[in-house]
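# Examining the three-dimensional arrangement
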Amino acid sequence: MDTKKPTQQKPKSERPAAADAKSAEPAGGTAPETSRSLNFIEQIIEEDLRTGRFEGRVHTRFPPEPNGYLHIGHAKSICLNFGLAARYGGLCNLRFDDTNPSKEDIEYVESIMDSVRWLGFDWGDRLYYASDFFEQLYEWAVQLIRAGKAYVCDLTADQIREHRGTLTAPGKNSPYRDRPIDENLDLFRRMRAGEFPDGARTLRAKVDMASPNLNMRDPVLYRILHASHHRTGDRWCIYPMYDFTHGQSDSIERITHSICTLEFENHRPLYDWFLDELGIYHPQQIEFARLNLTYTVMSKRRLLELVEEECVNGWDDPRMPTLVGLRRRGYTPEAIRGFCERIGVAKFNSVIDVAVLENSIREDLNRRAPRVMAVLRPLKLVIDNYPEGQVEELEAVNNPEDPAAGTRKVPFSRVLYIEQDDFREAPPKEFFRLAPGREVRLRYAYLVTCTSVVKDERTGQIVELHCTYDPATRGGNTPDGRKVKGTIHWVAAQHALKAEVRLYDHLFSVPDPSDVPAGGDYRDFLNPKSLEVLSDARVEPSLAGAAAGSRYQFERQGYFCVDAVDSRPERLVFNRTVSLRDTWAKIEKKQK
RNA sequence: UGGGGAAUGGUGUAACGGUAGCACGACUGGCUCUGGACCAGUUAGUCUAGGUUCAAAUCCUAGUUCCCCAGCCA
């Protein structure tokens, strides 16, 4: 792989895995106390439990191919499979479906395991690789040959396609279809022995070239591929197809409910055919609709393209829907699990509004993120009647949602920075922040009134504000009961830390980037403003030494986390995970 | 025009013959030292047409629309 690797990060704020899979797990592991209604998969499982099918076991698995990084769509599958196992006191395996050495890489298996663990799930000692089953699969292929149910075919790929027929027309039998069993056995052995070049022959199942289900038209079982495999090295030069591997792997692992996405529905009859012809244990496959999200793309192919073409900065770019990307962005495993719970599961192809994801992380972080003050676009404010050189330590609440989080001291002095957006020389209707002659509250500090505005003579840009403060309002209180509409955040110029802040927005500027007009490309919809870097931000001094990955609410702005890759003690870098709901922005938009 | 699936407010998802509910969004209002959070409320839905039934999102029939399948990918 020549793609950029995401940095392995281990923010210590992360809980150890599985600890809180509790949300989905009734300790006993028997029937769940169910207040919530059942999704269609749970209904099937409960029916199986009732009828004693599978001896009352529930055993699922998450079976990724290690050919890319996991994304939020995989999270849906992971939460489903591990969640079901937890809910019904069963087990869930992790299995790599690694049957195509040309696309797979150890880099991917490592990141996949890391992401599953990060999400909070534990496969115990049940880590499997389809490649561990290669020998058994080979024997099963031989068994089919002996039973006259498989044959070695010398047709080229093109010829096989021609023989396959079309959606409406039946296929034609391969001229090699009736090759004697002994000859098949010999040829297949020699395929394995490496006597033939790539593509020279295949092993095919003998099913039915006239089947309306194209998967049943003598599908290829084995292809010759002189490629070295990330796990089996050069031991094999023939590799089983996914279709000949997946169902039998589930069978070997004694999976009860084999949950996969909708496009495999057409393959189920083939898997059933293999299992029945081989006479081996038969799991139940259940298909569900994969996740789609607005304003992003979700296919591994496209994500790989974005990385390789450097449309983003690697798999863990905070704009990516990958788990490593979301993690670096500041998303918590809890929020992602909550999201997966909330979107449900069905067989209907749907698109979830990304606002649901954003709501999930806000909900989680609102509960737990400490609040701090940070000024993203600083505007100098001088309090003319405040004693020069004086510094006061004012008390600020760490988290109004969590009294146990306590309070901290924030330094205040004569020269401050406030947000440029919090001042308007000509305030529009309903703007109740600072403006000439107006009074606002500086959060946890004092009420100030704007007395004058200093502008750059050449550009006319506002460079400084002058105010007077009311000493009686220390702490932000109004002893006279006076009401102030606006409260704004600030940092003391002398004490503030300089920081870089990265504001992220949707990667694409349209809800469905896959919906491209003829001749267009989804990349045409990349949002040019998906990343805005603010290099002159100021944050309150309590943030000195903030740990990589730690998350905060910058009051009135959003949730931010310390970037795990680029942040340094002497120069903090923050990623905006998600903004706060911005009612004022909505009002302002409406006014236009 | 073969086969396999699926259709419930703007978006998701429940209801399993008996009051169409929940979440997100949108919109009101309340509260607030975050225009955050929170609280209260409003909006808005059973693909169509027939049929069965006291009663249909649910059962039956016929349509319509959408998705998947012609890799030696998974």
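Residues numbered from 1 in each chain as written. Chains lettered and ligands numbered in written order. Predicted model: local features only at pLDDT ≥ 70, side-chain atom pairs only at ≥ 80, totals over all residues. Heavy atoms only, no water.

## Section: the overall build of chain A
Along its length, chain A carries 13 helices and 25 strands. Each principal axis of the C-alpha atoms in chain A carries an extent, and together these give about 100 × 55 × 40 Å. The proportion of buried residues among the 592 residues of chain A is 53%. If you take every contact in chain A between residues at least 6 apart in sequence, the share linking residues at least 24 apart comes to 72%. Where the 83 positive side-chain charges of chain A centre and where its 89 negative ones centre are 3 Å apart. (Helix = DSSP H or I, 4+ residues; strand = E, 2+ residues; numbered from the N terminus. Buried < 20%, exposed > 50% of the residue type's maximum accessible area, 1.4 Å probe, protein only. Contact = heavy atoms within 4.5 Å. Lys, Arg positive; Asp, Glu negative; His and termini not counted. Charge placed at Lys NZ, Arg CZ, Asp CG, Glu CD.)

## Some details on the protein's contact with RNA strand B
Inspection of the region around RNA strand B gives 70 residues, with Gln 43, Arg 371, Gly 475, Arg 581 and Thr 583 positioned closest. A distance of 3.1 Å separates a base nitrogen of RNA strand B from a polar side-chain atom of Asn 266. One of the backbone nitrogen or oxygen atoms of Glu 430 is found 2.7 Å away from a base nitrogen of RNA strand B. Mapped onto the surface near RNA strand B, the elements with two or more residues apiece are α5 (157–164), β6 (220–224), α11 (333–343), α12 (354–368) and α13 (583–591). Looking at the surface near RNA strand B, the element that brings in the most residues is α13, giving 5 residues. Here the residues of the surface near RNA strand B sort into 25 nonpolar, 23 polar and 22 charged. (Near = heavy atom within 4 Å. Polar contact = N/O pair within 3.5 Å; in protein donor to acceptor, adjacent residues only side chain to side chain. Nonpolar A, V, L, I, M, F, W, Y, C, P; charged D, E, K, R; others polar.)

## Focus on the sheet that holds strand β5 (residues 202–205)
Strand order in the open sheet made by the 4 strands is β4-β5-β6-β7, with antiparallel pairing throughout. Both outer strands of the open sheet, β4 (150–153) and β7 (238–240), are each paired with one neighbouring strand and no more. Going from strand to strand, the sheet's axes swing by 20 degrees on average, the running direction of each strand aside. Sheet analysis places β6 next to β7, joined by 3 bridges and oriented antiparallel. (Pairing = 2+ DSSP bridges. Axes fitted to C-alpha atoms, helices over the stretch in contact; angles between N-to-C directions.)

## Some words on the nonpolar core
Generally speaking, a soluble globular protein has its nonpolar side chains buried in company with each other. Formed by 40 residues in total, the largest nonpolar core has its most connected members in Ile 72, Val 116, Leu 119, Ile 336 and Phe 339. Those elements giving two or more residues to this core turn out to be α2 (72–87), β2 (91–96), α3 (106–119), α10 (323–329), α11 and α12. A domain-level breakdown of this core finds at least three residues from each of domain 1 (18–125 + 289–343) and domain 3 (371–591). Once you skip the residues sitting within four places of it in the chain, Ile 336 turns out to touch Ile 72, Ala 75, Trp 118, Leu 119, Leu 323, Leu 326 and Tyr 331. In this structure, Phe 133, Ala 141, Phe 196 and Phe 244 belong to the second largest nonpolar core, which totals 36 residues. (Core = buried A, V, L, I, M, F, W, Y, C linked by side-chain atoms within 4.5 Å. Domains from an automatic or database assignment.)

## Let's talk about α12
With 15 residues, α12 ought to run about 21 Å at 1.5 Å a step, and its terminal C-alpha atoms sit 22 Å apart, in line with that. Buried residues of α12: Val 354, Leu 357, Glu 358, Ser 360, Ile 361, Arg 362, Asp 364 and Leu 365, and no others. Tucked into the core, α12 has its buried residues touching α10, α11, β10 (371–372), β23 (551–554), β24 (558–562) and β25 (572–579). (Expected span 1.5 Å × (residues − 1).)

## Regarding the packing of α11 against α12
The packing of two helices is summarised by the inter-axis angle and the distance between the axes. Look at α11 against α12: their axes get within 9 Å of each other, and the N-to-C directions meet at 135 degrees. With respect to each other, α11 and α12 are oriented oblique. Taken as a pair, α11 and α12 cross one another with a handedness that is right-handed. Contact residues: α11 offers Glu 334, Ala 335, Phe 339, Arg 342 and Ile 343, while α12 offers Val 356, Leu 357, Asn 359, Ser 360, Ile 361, Glu 363, Asp 364 and Arg 368. Along the lines of polarity and charge, the residues of the contact of α11 with α12 split into 6 nonpolar, 2 polar and 5 charged. (Parallel < 35°, antiparallel > 145°, perpendicular 65-115°, else oblique. Left-handed = near helix turned anticlockwise from the far one by under 90°.)

## Some thoughts on the environment of Ile 343
Examined against the element boundaries, Ile 343 turns out to sit in helix α11. Sequence separation between Ile 343 and Ser 211 is 132 residues; the distance between their C-alpha atoms is 37 Å. Setting aside residues no more than four positions away along its own chain, Ile 343 makes contact with Lys 76, Leu 291, Ile 352 and Val 356.

## Points about the packing of aromatic side chains
In the structure shown here, the tally under the stated rule is 26 aromatic pairs. Ring centres of Tyr 69 and Tyr 108 lie 5.7 Å apart, and the angle between their planes is 85 degrees; this geometry places the pair in the edge-to-face category. Linking Tyr 69 in the loop between β1 (59–62) and α2 with Tyr 108 in helix α3, this pair joins segments that are 39 residues apart in sequence. Across the pair, exposure class does not vary: Tyr 69 and Tyr 108 are buried alike. Here the aromatic rings of Trp 273 and Phe 274 are separated by 5.7 Å at their centres, their planes lie at 70 degrees, and the arrangement is edge-to-face. Each of the two residues, Trp 273 as well as Phe 274, counts as buried. (Phe/Tyr/Trp six-rings, centres within 6.5 Å; stacked < 30°, edge-to-face > 60°.)

## Examining the pairing of strand β15 (residues 415–419)
In terms of burial, β15 is a largely internal element, 4 of the 5 residues being buried. Both strand β12 (residues 378–383) and β15 contribute to a ladder of 5 bridges, which runs antiparallel. Bridge assignment links Pro 378 to a residue of β15, and that residue is Glu 419. Judged from the 3 bridges that link them, β15 and strand β20 (residues 490–492) form a sheet pairing that is antiparallel. Bridge pairing links Ile 418 to Trp 490 in β20.

## Considerations on the pattern of salt bridges
Opposite charge on two side chains makes pairing possible when the charged atoms of those side chains draw close. Applying the stated criterion to the full structure yields 53 salt bridges. Of the charged contacts, one joins Asp 132 and Arg 231 as a salt bridge, the two residues approaching to 2.9 Å between their closest N and O atoms. Taken together, the positions of Asp 132 in the loop between β3 (127–129) and α4 (134–146) and Arg 231 in the loop between β6 and β7 put the pair 99 residues apart, joining distant regions of the chain. On the accessibility criterion, Asp 132 (46% relative accessible area) is partly exposed. Two residues, Glu 305 and Arg 301, come together in a salt bridge whose shortest N-O distance is 3.4 Å. Taken together, the positions of Glu 305 and Arg 301, both in helix α9 (residues 300–308) and 4 residues apart, correspond to about one turn of that helix. In the salt-bridge network here, residues are joined through shared partners; they are Asp 316, Arg 328, Glu 500, Arg 502, Asp 563, Asp 566 and Arg 571. (Salt bridge = Lys/Arg side-chain N within 4 Å of Asp/Glu carboxyl O.)

## Regarding the domain arrangement of chain A
With domains assigned, chain A is organised as domain 1 (18–125 + 289–343), domain 2 (135–241) and domain 3 (371–591). Between the C-alpha centres of domain 2 and domain 3 the distance comes to 65 Å.

## Regarding the pairing of β5
Residues Thr 202 and Arg 204 line one face of β5 and the alternating positions Leu 203 and Ala 205 line the opposite face, and both faces are buried. In terms of strand pairing, β4 meets β5 through 4 bridges, oriented antiparallel. Paired with Cys 153 across the bridge in β5 is Thr 202. In this sheet, β6 lies alongside β5 in antiparallel orientation, the contact comprising 3 bridges. Residue pairing across strands places Leu 203 opposite Tyr 222, the latter belonging to β6.

## Some points on the sheet that holds β23
Within the open sheet, the 7 strands sit side by side as β10-β23-β24-β25-β21-β22-β11. Their pairing is mixed. In this open sheet, the two strands that pair with only one neighbour each are β10 and β11 (374–375). With respect to the sheet, α12 is in contact with β10, β23, β24 and β25, its orientation differing from that of β25 by roughly 120 degrees.

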